[in-house]
Amino acid sequence: MCKILAIETSCDETAAAVIENGKTIKSNIVASQIEIHRRYGGVFPEVASRQHILTISTVIQDALIKARTGWNELSAVAVTYGPGLVGSLLVGVNTAKGLALSLGIPLIGINHLEGHLYSNWLHTEREESKADIKFPNLCLIVSGGHTELVLMHDHGSYEILGQTIDDAAGEAFDKVARMMNLGFPGGPAIQEVAKEGNPQAHNFPRARLGNSLDFSFSGLKTAVLRVVQKHGKSSAKILQHPAAAAQAKPKLNIPVADIAASFQMAVVDVLVSKTKVAADKYNVTEILVAGGVSANALLRNKLMAVAERPVRAPAIHLCTDNAAMIGAAAYWRYQAGHFSDWDLDVIPNLKLV
Amino acid sequence: MSPILEPNTLDFISHSELQTHRLGARLGSLLEPSDVIALVGELGTGKTRWVQGICQGLTVTDRVISPTFTLVNEYDGRLPVYHIDLYRLTGAVDGMSFGLEDYMYDSGVTLIEWADRAMDVLPDAYMVVELYHLSETRRRVVLRPYGSRFVNLLKVFKKRTFAR
């Protein structure tokens, strides 16, 4: 029996989890800073790291209590050491070091993106264990900050086949949602209004970038903006900073549903087609998706329709940042004896490979 | 559109993303430790494209992508580069709560998108890059230096870019 305490503080969520044997979620606590950010008007790195300091002890204690696990039952402490905000990462890493050192158990530093890869290994105590994931497989990580196609040869052995060259897919969702005053987070908002829209209404550009498996969503974002602009000339405010746009509360006479549906289809088309090409090229056993945008229903459905192999997606609450996935990734490193030294430092621009 | 005839500013039109990238690279090659570049422009005017060019000029080999969600991307070039995006901030940005000083007074180069959110906390010397959408591929670019360091830097940039 291996129980790992995992800690994740790479951005603005303070998270801790206890994971058993790399798969079973005994507890998964995420303290969101949304209320604080609402007060300040956004995520401020300095505020975020101070809030991590205030919250982290309670979050860790909650994780242990919920898991009915004592300190002496832990096998290792895992922590995200990058990529992320330097001040936020430091809180998690220093806490993890202190705990591991005082408990006399190994410290395991984990890459945040590696965590997302392993979100597909997790299940709750009530769920049955899923069939083992076979290698090589392909994982599409799509979130606000990342869009990457990762070939997983084996545990700990990854190859990045493609990634965004400008904006992440989730960022495009968020910015398009803001253009039309649909609120935040943009992904669910777009998905909701798109239900009423015609995905063929606007033929938005799909950046293929030749045979490359890289992605580009910046041009799509701008193309949507021009259409929104054309319909909403009276409200030049939409172009400006969201603060100005929010104050102006423009009444937009624009076909929101059609634009949302067409935009969503353009993003999903590109994600799905490139993932399929990569899956065939590398003859993978299955396809995984992870990250906030992997909660999108159209993406999941389209991918399953064309994949010709199993497609796995994490439970919705495991798509966004959490510590459970960090514990899942750490288990395989624990098994292999890949422990971190006590001088583990945070690396804000840490690469997966 | 009447040209801005302020003596120290540079006002010109970039005709393509490629040109924008080259101009950014030239600016980047001139940057020194603790320099701050403030990028101002609406959505889709090419702020990230400028940063990609500047980073090339700083010999960054990492992939340079939008930090809208991550807030700060760090790169290693011939100098450390801090690529910051204030788009998601709607409250007043005071330097303390963002921690901007930690980056700006470091020995790296700080590139700030949507910098109009934080003009009050910028140091005495910095360069503003203003971007305006003209057509699908054309952008008006205004470089506005603050402080003697950047007035001189812009003179060199002008000479290297436009002197025949």
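What you are looking at is a predicted structure, and each value in this text was computed from that prediction instead of being measured.

Okay, the overall build of chain B next. The helix and strand inventory of chain B stands at five helices and seven strands. Overall, chain B shows an N-to-C arrangement of helices and strands of β-α-β-α-β-β-α-α-β-β-β-α. Taking 15 Å as the expected radius of gyration for a compact globule of 164 residues, we find that chain B reaches 15 Å, a close match to that expectation. Per-residue burial for chain B yields a buried fraction of 59% across its 164 residues. For chain B, the proportion of contacts with a sequence separation of at least 24, taken over those separated by at least 6, is 63%. When the accessible area of chain B is evaluated, it comes to approximately 7,000 Å², of which 51% is carbon and sulfur surface. Placing the 18 positive and 20 negative side-chain charges of chain B at their respective mean positions leaves the two points 11 Å apart.

Looking now at the confidence of the model for chain B. Overall, the prediction assigns chain B a mean pLDDT of 91, with 93% of residues at 70 or greater. Among the prediction metrics, the complex's ipTM stands at 0.89, with pTM recorded as 0.92.

What follows covers the packing of helix H5 (residues 169-179) of chain A against helix H7 (residues 218-231) of chain A. Residue and element names in this part refer to chain A. Viewed as axis vectors pointing N to C, H5 and H7 meet at an angle of 10°, and their least axial separation amounts to 10 Å. Taken together, the axis directions place H5 and H7 in an arrangement best described as roughly parallel. Along the contact surface, H5 presents Lys-175, Val-176 and Met-179, while H7 presents Lys-221, Val-224, Leu-225 and Val-228. Within the contact of H5 with H7, the residues separate by chemical class into five nonpolar, no polar and two charged.

Residues and elements named next belong to chain B. Within the open sheet, the seven strands sit side by side as S1-S7-S6-S2-S5-S4-S3. Their pairing is mixed. Because the sheet does not close on itself, it has two edges, and the strands there are strand S1 (10-14) and strand S3 (72-76). Across the sheet, the mean angle separating the axes of adjacent strands is 20° when strand polarity is ignored. In the packing of helix H1 (residues 17-29) onto the sheet, contacts are made with S1, strand S2 (36-41) and strand S6 (126-133), and the angle to S1 comes to roughly 145°.

The subject of this paragraph is the interface of chain B and chain A. Every contact between the two is made by 36 residues of chain B and, on the other side, 39 residues of chain A. Carbon and sulfur atoms supply 57% of the area buried between chain B and chain A, which totals about 3,200 Å² over both sides. When the area that chain B buries against chain A is broken down by residue, the three leading residues are Leu-43, Arg-63 and Phe-69 of chain B, summing to 21%. Inspection of the chain B/chain A interface yields three salt bridges.

What follows covers the nonpolar core. Grouped together as the largest cluster of nonpolar side chains are 74 residues, with contacts concentrated most on Val-224, Phe-263 and Leu-271 of chain A together with Phe-98 and Ile-112 of chain B. Per-element tally for this core: the top contributor is helix H9 (residues 256-281) of chain A, with twelve residues. Residues contacting Phe-98 of chain B, with those up to four places away along its chain left out, are Phe-44, Pro-45 and Glu-46 of chain A together with Val-72, Ile-84, Leu-86, Leu-89 and Val-93 of chain B. Within the second largest apolar cluster, 34 residues are counted, among which are Ile-19, Ile-110, Leu-122 and Ala-323 of chain A.

Residue and element names in this part refer to chain A. The element strand S3 (residues 24-32) is extensively covered by neighbouring structure, given that seven of its nine residues are classed as buried. Where strand S2 (residues 13-20) meets S3, eight bridges bridge the pair, whose relative direction is antiparallel. When the sheet's bridge partners are listed, Ala-15 is paired in S3 with Val-30. Linking S2 to S3, which pair antiparallel, is a turn of three residues; within it Asn-21 sits at a positive phi near 50°. For S3 and strand S6 (residues 123-124), the ladder comprises two bridges, and the chain directions are parallel. Bridged to Thr-24 within S6 is His-123.

Definitions and cut-offs
- Residues numbered from 1 in each chain as written.
- Chains lettered and ligands numbered in written order.
- Predicted model: local features only at pLDDT ≥ 70, side-chain atom pairs only at ≥ 80, totals over all residues.
- Heavy atoms only, no water.
- Helix = DSSP H or I, 4+ residues; strand = E, 2+ residues; numbered from the N terminus.
- Rg over C-alpha atoms; globule rule 2.2 N^0.38 Å.
- Buried < 20%, exposed > 50% of the residue type's maximum accessible area, 1.4 Å probe, protein only.
- Contact = heavy atoms within 4.5 Å.
- Areas by Shrake-Rupley, 256 points an atom, 1.4 Å probe, with all protein chains shown as cover.
- Lys, Arg positive; Asp, Glu negative; His and termini not counted.
- Charge placed at Lys NZ, Arg CZ, Asp CG, Glu CD.
- pLDDT = per-residue confidence, 0-100.
- Axes fitted to C-alpha atoms, helices over the stretch in contact; angles between N-to-C directions.
- Parallel < 35°, antiparallel > 145°, perpendicular 65-115°, else oblique.
- Nonpolar A, V, L, I, M, F, W, Y, C, P; charged D, E, K, R; others polar.
- Pairing = 2+ DSSP bridges.
- Buried area = accessible area lost by both parts, 1.4 Å probe.
- Salt bridge = Lys/Arg side-chain N within 4 Å of Asp/Glu carboxyl O.
- Core = buried A, V, L, I, M, F, W, Y, C linked by side-chain atoms within 4.5 Å.

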